[in-house]
Amino acid sequence: MADLLRTNQAKLLDRWHDTLSATVRGRLSEDELRSELADLYDLVLRAMSGADETANGELRASLVALSRSRARSGFSPSETALAVFSLKDAVYEFVADAAEMVPEYLTFSRMIDDLGLHTFEAYAATREEIIRQQADAMLELSTPVVRLWDGIIAVPLVGTLDSARAQLVMEKMLDALVSTGSSHAVIDITGVPTVDTEVAQHLLKTVMAARLLGAQCTICGIRPQIAHTIVSLGIEFGDIATKATLADALAHALSVTGLKVVPA
Amino acid sequence: MDELTIESGDDVVRVRQQVRAAAADTGLSLVDQTKVVTAASELARNALVHAGGGMARVEVAESAAGRTGIRVTFTDEGPGIPDVDLALTDGWTTGDGLGLGLSGARRLVDEFELVSKPGAGTSVVVAKWSR
Amino acid sequence: MDRVPILKIGPTLFVSIQIDLQDQSVVQLQEDLAEELVATRATGVIIDITAVEIVDSFIGRMLATIGSISRLFDAETVLVGMRPAVAITLVELGLSLDGVRTALDAEQGLRMLNGHS
């Protein structure tokens, strides 16, 4: 089989290329596709002849690189795997009439199947990586910390408070307390859809951590709808001040830090 | 991979430094580094105080999901823990002694495995992975 | 063994913890502090842990003990400069450090102490 691939290299490469060029749809240039396939073909040949120990590893690594770039260029997972599987079709045309080649072709086919699946897996992993990066970026963006006044910062929370976000909120809030030299933090939970015991735990931990840095916290934005849930779940905020609105929380924070707002 | 004997307070400090160095190398965030080093400090001190000494092994490892991180194994030939479940249950207390060290350390790490039998010593393996 | 220096400024004692304290240094510090409190009749103690990277239950107990010792001599203790990573870890560890007051830095700590004299 390796000999067949070697002798008919040019023709097979052409067939392979032709099968794929229709599916590329402008996302890849003619030259890029040709050189990609040529490199892969060489690696397949080396891996099949068995002379080169590193060929297999290099081939698999090449396919991973191929998947990554396809995934980022917007190709679908099938299109990416097809790039590998279609080599089988090209080769089949050459052995269609040779019955004695059947066992070798089957082995070859299995090898290509394995490589195709490997390509698919790599594609999936790349997409997961992209999703994870986007989730991280979203998490960062949705956790702002603002300075309300000298010594008072506010942390408006938007969205569900799961443990990943709670960790980030804690870190950002504490870092902000240090960098602004603040002694009071207002945590606004208006944008948090549900407050259950887990969310309450996160809030409590955040307040405890702030206390270790010498800062007091006020929780505000407890909507009427969730007030009932909080009470019926038996969640106690203890000695943490809770206010309905941000305005109330600001007034409270100002008075605690010894300030008063008076008409001009 | 590093093996350290724990025979004194100085050794506990050494374990901390070793864990800290390994954690920094594997790209753990500052908070995660602090957590795993603190957990290691608790466990090293436990071995010292309750078993009269022990060993710590620090190694860079990979989680089942393929994330790099560190694994620290503590072993001692001490009296062992008669009731492991009891030792691991503990609320938010300032209490001292065995209880706080173990359950607190468990909360700080991603993986926590404890094997102990009275008269057969104790082994604790903890791991922290990068995100 | 290095002794942790204790500085006196007005009615306040300052202790800045720079190194990894272990067993003997901890006991020495507690003894030295008790002596200074008696000798100077100081009314406040500021413990600066800005340089401390790890606070485990051992160090936590030391800090709580220092708080108790000060109270015995009618002095108030304030712990200042805790690092965010340490605070997050302590909360997860379950160490509440009850009985020890905290402030962001020495300046705020002093303001806290003076507000009570």
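Residues numbered from 1 in each chain as written. Chains lettered and ligands numbered in written order. Predicted model: local features only at pLDDT ≥ 70, side-chain atom pairs only at ≥ 80, totals over all residues. Heavy atoms only, no water.

(A) The overall build of chain A, seen in detail. Along the backbone of chain A there are 10 helices and 5 strands. In terms of C-alpha radius of gyration, chain A reaches 31 Å, well past the compact-globule figure of 18 Å for 264 residues. If you line up chain A on its principal axes, its C-alpha atoms span 95 × 40 × 35 Å. For chain A, buried positions account for 41% of its 264 residues. For chain A, the share of sequence-separated contacts (at least 6 apart) that also reach a separation of at least 24 residues comes to 72%. Of the roughly 13,700 Å² of accessible surface on chain A, a fraction of 57% belongs to carbon and sulfur atoms. Taken together, the 23 basic and 35 acidic charged side chains of chain A have centroids lying 6 Å from each other. (Helix = DSSP H or I, 4+ residues; strand = E, 2+ residues; numbered from the N terminus. Rg over C-alpha atoms; globule rule 2.2 N^0.38 Å. Buried < 20%, exposed > 50% of the residue type's maximum accessible area, 1.4 Å probe, protein only. Contact = heavy atoms within 4.5 Å. Areas by Shrake-Rupley, 256 points an atom, 1.4 Å probe, with all protein chains shown as cover. Lys, Arg positive; Asp, Glu negative; His and termini not counted. Charge placed at Lys NZ, Arg CZ, Asp CG, Glu CD.)

(B) Up close: the packing of aromatic side chains. Under the counting rule described, the total for this entry stands at 2 aromatic pairs over all chains. Taking 6.3 Å as the distance between ring centres and 45 degrees as the angle between the ring planes, the aromatic pair formed by Tyr-105 of chain A and Phe-108 of chain A counts as tilted. On the criterion of helical spacing, the pair formed by Tyr-105 of chain A and Phe-108 of chain A is a turn pair, its members being 3 residues apart in helix H6 (residues 102-141). Considered together, Tyr-105 of chain A and Phe-108 of chain A belong to a single accessibility category, that of buried residues. Joined through ring pairs, the aromatic side chains of Tyr-92, Tyr-105 and Phe-108 of chain A make up one cluster. Stacked on the ring of Phe-75 of chain A, the Lys or Arg Arg-70 of chain A has its end atom at 4.8 Å from the ring centre. We note Arg-45 of chain B situated over the ring of Phe-58 of chain C; from NZ or CZ to the ring centre the distance is 3.6 Å. (Phe/Tyr/Trp six-rings, centres within 6.5 Å; stacked < 30°, edge-to-face > 60°. Lys NZ or Arg CZ within 6 Å of the ring centre and 35° of its normal.)

(C) Spatial organisation of the nonpolar core. Among the nonpolar cores identified, the biggest contains 102 residues, and Phe-74 of chain B together with Met-82 of chain C are the most heavily contacted of them. Per-element tally for this core: the top contributor is helix H2 (residues 30-51) of chain B, with 8 residues. Among all residues touching Phe-74 of chain B, those that are not within four sequence positions of it are Ile-6, Val-15, Ala-40, Leu-43, Ala-44, Met-55, Ala-56, Thr-122, Ser-123 and Val-124 of chain B. Met-1, Leu-13, Leu-33 and Leu-43 of chain A belong to the second largest nonpolar core, which has 34 residues in total. (Core = buried A, V, L, I, M, F, W, Y, C linked by side-chain atoms within 4.5 Å.)

(D) Quick look at the interface of chain C and chain A. Listed by partner, the interface residues are 13 residues for chain C and 17 residues for chain A. Contact with chain A buries surface across chain C, with Ile-88, Val-91 and Leu-104 of chain C losing the most and accounting together for 44% of the total. For Glu-92 of chain C, the salt bridge is made with Lys-205 of chain A, and the minimal N-O distance between the two is 3.0 Å. Inspection of the region where chain C meets chain A yields 5 residue pairs in polar contact (both at pLDDT 80 or more). Counting residues per element, the ones that place at least two in the side of chain C that touches chain A are helix H3 (84-93) and strand E5 (101-103) of chain C. Of the residues that constitute the side of chain C that touches chain A, the class distribution is 9 nonpolar, 2 polar and 2 charged. (Buried area = accessible area lost by both parts, 1.4 Å probe. Salt bridge = Lys/Arg side-chain N within 4 Å of Asp/Glu carboxyl O. Polar contact = N/O pair within 3.5 Å; in protein donor to acceptor, adjacent residues only side chain to side chain. Nonpolar A, V, L, I, M, F, W, Y, C, P; charged D, E, K, R; others polar.)

(E) A look at the sheet that holds strand E4 (residues 216-220) of chain A. All names here are of chain A. Across the sheet, 5 strands lie side by side as E1-E2-E3-E4-E5; this open sheet has mixed pairing. Edge positions in the open sheet fall to strand E1 (146-149) and strand E5 (241-243), since each of these has one partner strand only. Shown here is a sheet whose adjacent strand axes are inclined to one another by a mean of 30 degrees, direction ignored. Sheet topology note: the E4/E5 ladder contains 3 bridges and is parallel. When the bridges of E5 are listed, Thr-218 appears paired with Ala-241. Strands in contact with helix H7 (residues 163-180) are E1, strand E2 (152-158), strand E3 (184-191) and E4; relative to E2, the strand with the most contacts, it is inclined by about 165 degrees. Relative to E3, helix H10 (residues 246-256) is tilted by about 170 degrees, and along the sheet it contacts E1, E2, E3, E4 and E5. (Pairing = 2+ DSSP bridges. Axes fitted to C-alpha atoms, helices over the stretch in contact; angles between N-to-C directions.)

(F) Region of the structure containing helix H1 (residues 9-25) of chain B. Helix length check: H1 of chain B, at 17 residues, gives a terminal C-alpha distance of 25 Å against a target of 24 Å (1.5 Å per residue), a fit within 8%. What H1 of chain B keeps buried is the set Gly-9, Asp-11, Val-12, Val-13, Val-15, Arg-16, Val-19, Arg-20, Ala-22 and Ala-23 of chain B. Buried-residue contacts for H1 of chain B involve strand E1 (2-6), H2, strand E2 (54-62) and strand E3 (68-76) of chain B together with helix H1 (23-40) of chain C. Gly-27 of chain B lies just past H1 of chain B and shows a positive phi near 75 degrees. (Expected span 1.5 Å × (residues − 1).)

(G) A look at the interface of chain C and chain B. Between chain C and chain B, the residue contacts involve 22 residues of the former and 25 residues of the latter. Counting the contacts that link chain C with chain B gives 3 salt bridges. Between Arg-16 of chain B and Asp-20 of chain C there is a salt bridge whose closest N-O contact spans 2.5 Å. Taken together, the connections running from chain C to chain B amount to 6 residue pairs in polar contact (both at pLDDT 80 or more). Here the side of chain C that touches chain B takes 7 residues from H3 of chain C, the largest share from any one element.

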